[in-house]
Every structure is written in structure tokens, then in C-alpha cells.
Amino acid sequence: MKILATFLTYLLALVVVACIAFVVVIVLAGPHSGLLPSWLEAVVGAAGWLAVLVLPVILAHKVWRRFSRSQADVQLP
């Protein structure tokens, strides 16, 4: 159950973060946006990729730890 919940959390977080990051990066640093200076477009792109790679892992880790903690509370006699 713990593995399934962690995997589903990772997938859901990956989809949500990727969609949000895609929209933000395209709006801020897209080829025709003109909102940012050219040197800052690379920073926004890198931050978007970093968010997509790191945030789902952090959320999945929190779910994994929560399930580990709840199972440790239940002790067999």
C-alpha cells in the first residue's frame, strides 16, 4: 500500500507540476514572450526543469515517510 500511494503521489505531482511549469515557462521565457531579458530566460527554463524534477520527488518522499510513521505507531501485541 505504501509503495502504491507513493507512486501515485509521484505521478500526480509530476503531471501537475509539469503542466504548471510548462505554462509559466512558456509565458515568461517563451520565444515570443518578451517579458524577460534574454539572459533571464535560461534561468527561468532551468528553474522550471528543476521544479519538474525535484518537487514530485519531495512530495513522494513525504508520503513515504507518513506511511512509515503510521505503520510504526501500530504495534502487534
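Thresholds, definitions, all that
- Residues numbered from 1 in each chain as written.
- Predicted model: local features only at pLDDT ≥ 70, side-chain atom pairs only at ≥ 80, totals over all residues.
- Heavy atoms only, no water.
- Helix = DSSP H or I, 4+ residues; strand = E, 2+ residues; numbered from the N terminus.
- Buried < 20%, exposed > 50% of the residue type's maximum accessible area, 1.4 Å probe, protein only.
- Contact = heavy atoms within 4.5 Å.
- Areas by Shrake-Rupley, 256 points an atom, 1.4 Å probe, with all protein chains shown as cover.
- Phe/Tyr/Trp six-rings, centres within 6.5 Å; stacked < 30°, edge-to-face > 60°.
- Lys NZ or Arg CZ within 6 Å of the ring centre and 35° of its normal.
- Expected span 1.5 Å × (residues − 1).

Caption draft 1: Representation of the overall build of the protein. Along the backbone of the protein there are two helices and zero strands. In the protein, which comprises 77 residues, the share counted as buried stands at 21%. Pairs at least 24 apart in sequence give 68% of the contacts found in the protein among residues at least 6 apart. Approximately 6,000 Å² of the protein is accessible, and the part contributed by carbon and sulfur atoms is 76%.

Caption draft 2: Here's a closer look at the packing of aromatic side chains. Throughout the structure, instances matching the rule amount to zero aromatic pairs. A cation over a ring is seen here: K2 above W64, with NZ or CZ 4.1 Å from the ring centre.

Caption draft 3: Region of interest: helix α1 (residues 2–29). Along its 28 residues, α1 runs 38 Å from first to last C-alpha, staying within 8% of the 40 Å computed at 1.5 Å per residue. Every buried residue belonging to α1 is among K2, A5, T6, A13, V17, A21 and A29, and all of these are buried.

Geometry only, nothing functional implied.
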